[in-house]
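# Examining the three-dimensional arrangement
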Amino acid sequence: GVRNLVQSTSGFLAFVLLPIWANAKSDYEGDNEGTTFALWMCFVLAIVSLVACIITKISMKNESAASAASSEQQSDQHTICKTMRAFARATTPKAPVGCEQWKLPFSFYFACIGIKSQYFAPFAFTAFSNKLYADKFGQTKAQASLQTGIISLIAGLLGPPMGGLSDKFGHRSASLVVACLVSAVGFAVLAIATGGSAAVWTASMLFAIQYGFGDTVAYISIRFIVGVSRAGIGYGIYGIIGNLTATIVPIIGGVLLDMTNGNELVCWYFFGLMVFGALCWFAVRILEGKRSLLELPADKIIETNDEDLQIAALSFVVSPQHGVEKQVSDKAE
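Residues numbered from 1 in each chain as written. Predicted model: local features only at pLDDT ≥ 70, side-chain atom pairs only at ≥ 80, totals over all residues. Heavy atoms only, no water.

Here the focus is the overall build of the protein chain. Along its length, the protein chain carries 14 helices and 0 strands. Put simply, the protein chain runs from its N terminus to its C terminus through helices and strands in the order α-α-α-α-α-α-α-α-α-α-α-α-α-α. Burial analysis of the protein chain (333 residues in total) assigns 37% to the buried set. Sequence separation of at least 24 residues holds for 80% of the intrachain contacts in the protein chain that already meet a minimum separation of 6. (Helix = DSSP H or I, 4+ residues; strand = E, 2+ residues; numbered from the N terminus. Buried < 20%, exposed > 50% of the residue type's maximum accessible area, 1.4 Å probe, protein only. Contact = heavy atoms within 4.5 Å.)

A word on the packing of helix H4 (residues 106-117) against helix H11 (residues 231-257). Closest axis-to-axis distance for the H4/H11 pair is 9 Å, and the angle between their directions is 50°. With respect to each other, H4 and H11 are oriented oblique. The element H4 and its partner H11 pack so that their crossing is right-handed. Residues Phe108, Tyr109, Cys112, Ile113, Ile115 and Lys116 of H4 lie in contact with H11, whose contacting residues are Gly234, Ile237, Tyr238, Ile241, Gly242, Thr245 and Ala246. Here the contact of H4 with H11 is built from residues that sort into 9 nonpolar, 3 polar and 1 charged. (Axes fitted to C-alpha atoms, helices over the stretch in contact; angles between N-to-C directions. Parallel < 35°, antiparallel > 145°, perpendicular 65-115°, else oblique. Left-handed = near helix turned anticlockwise from the far one by under 90°. Nonpolar A, V, L, I, M, F, W, Y, C, P; charged D, E, K, R; others polar.)

The next thing to look at is the environment of glycine 242. With respect to the helices, strands and loops of the structure, glycine 242 is situated in helix H11. Sequence separation of glycine 242 and isoleucine 115 is 127 residues, and the distance between their C-alpha atoms is 8.2 Å.

Time to look at the environment of threonine 148. Considering the arrangement of structural elements, one finds threonine 148 in helix H7 (residues 141-169). By relative accessible area, threonine 148 is classed as buried at 6%. Sequence-wise, threonine 148 and serine 204 are 56 residues apart; in three dimensions their C-alpha atoms are separated by 7.7 Å.

Along the chain, methionine 205 turns up in helix H9 (residues 197-217). Relative accessible area serves as the criterion here: at 29%, methionine 205 is assigned to the partly exposed category. Taking C-alpha positions, methionine 205 is 8.2 Å from glycine 186, a pair spaced 19 residues apart along the chain. When residues no more than four places from it in sequence are discounted, the contact partners of methionine 205 are Ile150 and Ile154.

Positionally, threonine 245 belongs in helix H11. A residue is classified by how much of its surface remains accessible, and threonine 245, at 16% relative accessible area, is buried. Side-chain polar atoms of threonine 245 contact the backbone oxygen of isoleucine 241, separated by 2.8 Å. Apart from residues lying up to four places away in sequence, threonine 245 is in contact with Ile113, Lys116, Phe120 and Pro250. (Polar contact = N/O pair within 3.5 Å; in protein donor to acceptor, adjacent residues only side chain to side chain.)

Where a protein is soluble and globular, its nonpolar side chains tend to be buried together. Counting 55 residues, the largest nonpolar core has Phe125, Tyr133, Leu190, Phe207, Phe270 and Trp281 as its most contacted members. Looking at which element gives the most residues to this core, the answer is helix H12 (residues 262-288), with 9 residues. Excluding residues within four positions of it along the chain, leucine 190 makes contact with Phe125, Tyr133, Lys136, Phe137, Ala199, Val200, Ala203, Phe207 and Cys267. (Core = buried A, V, L, I, M, F, W, Y, C linked by side-chain atoms within 4.5 Å.)

Okay, the packing of aromatic side chains next. According to the stated counting rule, one finds 13 aromatic pairs in the structure shown. Ring centres of phenylalanine 106 and phenylalanine 110 lie 5.2 Å apart, and the angle between their planes is 80°; this geometry places the pair in the edge-to-face category. Of the two residues, phenylalanine 106 and phenylalanine 110 both sit in helix H4, 4 residues apart, roughly one turn of that helix. On the basis of relative accessibility, which here comes to 58%, the residue phenylalanine 106 falls in the exposed class. Centroid distance phenylalanine 125 to phenylalanine 207: 6.2 Å. Interplanar angle 70°. Geometry classified as edge-to-face. A residue pair is termed long-range when its members are at least 10 positions apart, and phenylalanine 125 in the loop between helix H5 (120-124) and helix H6 (126-137) and phenylalanine 207 in helix H9 qualify at 82 residues. Given the relative accessible area of 2%, phenylalanine 125 is considered buried. With relative accessibility at 0%, the residue phenylalanine 207 sits in the buried group. (Phe/Tyr/Trp six-rings, centres within 6.5 Å; stacked < 30°, edge-to-face > 60°.)

Before going further, it helps to examine H7. Along its 29 residues, H7 runs 41 Å from first to last C-alpha, staying within 8% of the 42 Å computed at 1.5 Å per residue. Taken as a whole, H7 carries its principal kink of about 40° at glycine 159; the proline proline 160 stands between one and four residues after it. Positive phi appears at glycine 170, one or two residues downstream of H7, with a value of about 70°. (Expected span 1.5 Å × (residues − 1). Bend = angle between axes of the 7 residues up to and from the residue.)

Per-residue confidence for the protein chain gives a mean pLDDT of 74, with 68% of residues at or over 70. Throughout residues 320-329 the model reports pLDDT below 50, and contacts reaching past four residues in sequence, or to other chains, amount to 7 contacts. (pLDDT = per-residue confidence, 0-100.)

So, about H11. Residues spaced three or four apart along an α-helix point in a common direction, a consequence of the helix completing one turn every 3.6 residues. Look at H11: 38 Å from first C-alpha to last across 27 residues, which is about the 39 Å you get at 1.5 Å a residue. Among the residues of H11, those classed as buried are Ala231, Ile233, Gly234, Ile237, Tyr238, Ile241, Gly242, Thr245, Val249, Gly253, Leu256 and Leu257. Check the buried side of H11 and you find it contacts H4, H5, H6, helix H10 (221-226) and H12.

Pasting the structure below:
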């Protein structure tokens, strides 16, 4: 939720304030001073991002060093844990390696499409919204940009409370089904309306609600579905599927926009995409089940790594209530 707040506030600055500032730098039509200023500002933002990455790296390194120092102070416990883990690794199944670790759950691929659908309204649709708002609703370019920025700003403000609700109640895939349908209603409003600013504002508010919840909740679902040990692979594959989707969606939209009644066709096209996104999350709900990590509230989720699972398996094996102490002792010898 906090990440969404920072990201969306930055989006508001990029979509609204930076264009206004850049336009103020241009004295006449065709003056490139404003464009040059905007490009330099983007360069500065890239430098800020680089510095943030360096600070994060240093911070994580210092935290790891402090953690290591703390572990050395508790040498006895550290030695015992190390011995237990070595024994656990020898007595429990190995985690998937090689090609096996790339065999991800089928629900993950539906989730990839569902995650990308959260960004159709605030990002993919902006390729067409300026022209559509000008032609169909009589808005200026500045007004159209303001609509896009407002979506990001409101979505960012909604991110933290919506993330808190997700943590408290769970049911994330079912909630994302509803969120996608909320955005679909917004596109239907734009398709049906014949003019006026009320339709645009209504759709924008619906897009903001969907984006505020979807961007906060959807992206983290990858870790819940594929597990902590394969999260990197999951995010990498999502990157391929997501970027491919982000390339194809605007191309098809551009073809539709050039047809007769193109503005309405584009709106109905995005309506269909959001409905399809809702169906993908519904498929995830069915395949994962209502007791999966994705659906549980935060107080019922215990995230583990492979070593934690091995220790848990070891404690199960050596537990007196299972009457297998001698078997374990023989194995240890």
